[in-house]
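Coordinate inspection notes
The lines below spell out each chain.
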Amino acid sequence: MSDFHQNNGALRPESRIVHPPLAEAVGSRPLGVPLHQGHLFAFETGDALVQAHDGPGGAFFYNRFGNPTVRSLEDAVADLEGGVGALAAASGMGAISTALLALLRTGDHVIAQRSLYGGTFALLADLAERRGIEVTHVGGDDPAEVEAALRPNTRLLHLETISNPTTRVTDLPGLIAVAKRAGVVSVVDNTFATPLLCRPIEHGADIVIHSATKYLGGHSDVLAGIAVFADPELHREVWRYSLELGATVDPFAAWLTLRGLQTLALRVRRHCDTALDLAGRLAAHPAVTAVHYPGLPGHPDHELARRLLPEGHGGVLAFDLAGGREAARAFTESVRLASLAPSLGGVHSLVLHPASTSHRQLSDEELAAVGIGVGMVRMSVGIEHPEDIWADVDQALAKA
Ligand code: PLP
């Protein structure tokens, strides 16, 4: 604070109320990360202001370029993911679109997984139609398929650690290795796994994305996203474009995400334990024909999941009901403790019927092609008591 602002007793009330003294902790420090909600910072010299424009780690001067609370979130998640830096955004889609638009130019080719979050799938389709960016979709388990899809103009490989709602686990090391050899940037959406279960940068990823709206925030009260970078040049390139796109996270949203992040380890442990327990009970229930959870030995990616996600397999599972579409709808409308709602990764248990909601645009044949049965229910397992969750699921199964 300048001397002028510290000794403002000579000013008139109208001026003093615009320039209140800033209280600073002396001899102590705040335990929580302070919320810097103001979007503007003042400088002592013009040179310092110019230098603040230099890069993502510069002095703070305007929130679109950086903010102390937001930087704390970026540093915390970069640290968890093993990256060199991060860029927070207003939502998961804000992070994905900023990264993709920053890196892709007309004429580039993208290889992306077939089973992607709907918003990402739509963004890629839009980039293909409007910007002349070619997209090839591949499965998540065959490096040879990625190898065969490579072209001289391939710029980016886009993957998701665990796919939604089928819970297939992607062979990150195998697929990323192909991209690396070809000089292709690999982007991994790690939302479902969290950095506590999987750190894609350890498997060679260049950028890791999270919808922080989900597990990182964890309480269904904040919309935010983040991209973590393995390389400082990529970080700077995407940061520069983010200034133009402006999908900047609000400091309060960053602060809420940071507060949620403090309990991530406890929550993730509980999500994983309860989901595994629930998956086993569902598999033994006569109304259920299949359970999709990588922690179950019968899951097609169980072996890969044991290697890639040794600490647990996440809090999302899906199951198919013998009664098909009608039974799935009846189930989702009969739960009492759990709620019928989209999204995932929060403390509350949520259920969803993908065929009539998130994937309703697909025909029954198209659903089958992406592994989604018409009687499939997706569940984001919350942190309520496991016996209460099971009692609720059990009574809803009786009505399905
Ligand atoms: N990535 C994944 C895997 C998601 O499930 C979602 C949202 O459901 C997103 C990205 C988009 O995140 P947001 O809703 O925060 O934009």
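Residues numbered from 1 in each chain as written. Predicted model: local features only at pLDDT ≥ 70, side-chain atom pairs only at ≥ 80, totals over all residues. Heavy atoms only, no water.

Next up on the list: helix α12 (residues 264–283). The end-to-end C-alpha distance of α12 is 28 Å, a good match for the 28 Å that 20 residues give at a rise of 1.5 Å each. For α12, every residue scored as buried is listed here: L264, R267, V268, H271, C272, T274, A275, L278, A279 and L282. Against α9 (194–197), α11 (251–261), β8 (288–292), β9 (316–321), β12 (376–380) and α16 (386–399) lie the buried residues of α12. (Helix = DSSP H or I, 4+ residues; strand = E, 2+ residues; numbered from the N terminus. Expected span 1.5 Å × (residues − 1). Buried < 20%, exposed > 50% of the residue type's maximum accessible area, 1.4 Å probe, protein only. Contact = heavy atoms within 4.5 Å.)

Interaxial distance between helix α4 (residues 68–81) and α11 falls to 8 Å at its minimum, and their mutual angle equals 40 degrees. It follows that α4 is oblique to α11 by the angle criterion. Like other packed secondary-structure pairs, α4 and α11 cross with a definite hand, here left-handed. Packed against α4, whose contacting residues are T69, V70, S72, L73, A76, V77 and L80, the element α11 presents P251, A254, W255, T257, L258 and L261 at the interface. In terms of residue class, the contact of α4 with α11 is made up of 10 nonpolar, 3 polar and no charged. (Axes fitted to C-alpha atoms, helices over the stretch in contact; angles between N-to-C directions. Parallel < 35°, antiparallel > 145°, perpendicular 65-115°, else oblique. Left-handed = near helix turned anticlockwise from the far one by under 90°. Nonpolar A, V, L, I, M, F, W, Y, C, P; charged D, E, K, R; others polar.)

Glancing now at the packing of aromatic side chains. If you walk through the whole model with that rule in mind, you get 6 aromatic pairs. A ring pair is formed by F65 and W239, whose centres lie 6.1 Å apart and whose planes are at 70 degrees; its orientation type is edge-to-face. Of the two residues, F65 is situated in the loop between α3 (46–51) and α4 and W239 in helix α10 (residues 232–245); the sequence distance between them amounts to 174 residues. Among the residues examined, W239 registers a relative accessible area of 2% and is labelled buried. Grouping aromatic residues by their ring pairs yields a cluster made of F43, F61, F65 and W239. (Phe/Tyr/Trp six-rings, centres within 6.5 Å; stacked < 30°, edge-to-face > 60°.)

On to the pairing of strand β2 (residues 109–113), then. The element β2 is extensively covered by neighbouring structure, given that 5 of its 5 residues are classed as buried. Of the two faces of β2, the one holding H109, I111 and Q113 and the one holding V110 and A112 are both buried throughout. Alignment of β2 against strand β3 (residues 134–138), held across 5 bridges, turns out to be parallel. The partner of V110 across the bridge, within β3, is V135. In this structure, β2 lies alongside strand β4 (residues 154–160), joined through 4 bridges in parallel fashion. Paired with V110 across the bridge in β4 is L156. (Pairing = 2+ DSSP bridges.)

Let us now look at the pairing of strand β6 (residues 207–211). Most of β6 sits out of view: 5 of its 5 residues are buried. The side-chain alternation of β6 yields two buried faces, one formed by I207, I209 and S211 and the other by V208 and H210. In terms of strand pairing, strand β5 (residues 185–189) meets β6 through 3 bridges, oriented parallel. Across the sheet, V187 pairs through a bridge with I207, a residue of β6. Two elements, β6 and strand β7 (residues 225–229), share 5 bridges in a ladder whose sense is antiparallel. Bridged to I207 within β7 is F229.

Moving on: the site of the ligand. The full set of residues close to the ligand is S91, G92, M93, I96, Y117, D189, T191, F192, S211, T213, K214 and A224. Between K214 and the ligand, the recorded distance is 2.9 Å, taken from a side-chain N or O atom to an oxygen atom. For the ligand, the protein covers 90% of the area, taking 390 Å² as the surface of the free molecule. Among the elements that take part in the shell around the ligand, helix α5 (residues 92–103) stands out by supplying 3 residues, more than any other. The class makeup of the residues in the shell around the ligand is 5 nonpolar, 5 polar and 2 charged. (Near = heavy atom within 4 Å. Polar contact = N/O pair within 3.5 Å; in protein donor to acceptor, adjacent residues only side chain to side chain. Areas by Shrake-Rupley, 256 points an atom, 1.4 Å probe, with all protein chains shown as cover.)

As a further point, take the environment of H271. In this structure, H271 sits in helix α12. Between the C-alpha atom of H271 and that of V316, which follows or precedes it by 45 residues, the distance is 8.3 Å. Residues within four places of H271 in sequence aside, it is in contact with Y215, G314, G315, G345, G346, V381, G382 and I383.

Next up on the list: the nonpolar core. Within the largest apolar cluster, 50 residues are counted, with the highest numbers of intra-cluster contacts made by L73, L157 and L309. Lining this core are residues from two domains, each supplying at least three of them: domain 1 (63–261) and domain 2 (264–399). For L157, the contacting residues outside a window of four places in its chain are I111, V146, L175, I176, A179, V184, V185, S186 and V187. A52, A89, A102 and L103 belong to the second-largest nonpolar core, a separate cluster that totals 31 residues. (Core = buried A, V, L, I, M, F, W, Y, C linked by side-chain atoms within 4.5 Å. Domains from an automatic or database assignment.)

This part covers the pattern of salt bridges. Enumeration over the complete set of coordinates arrives at 14 salt bridges. Taking the shortest distance from any N to any O, the salt bridge between R151 and E134 comes out at 3.1 Å. With R151 in the loop between α7 (143–149) and β4 and E134 in strand β3, this residue pair connects regions lying 17 residues apart in the sequence. What makes R151 partly exposed here is its relative accessible area of 36%. Note that D301 is salt-bridged to R168, the shortest N-O span being 2.6 Å. (Salt bridge = Lys/Arg side-chain N within 4 Å of Asp/Glu carboxyl O.)

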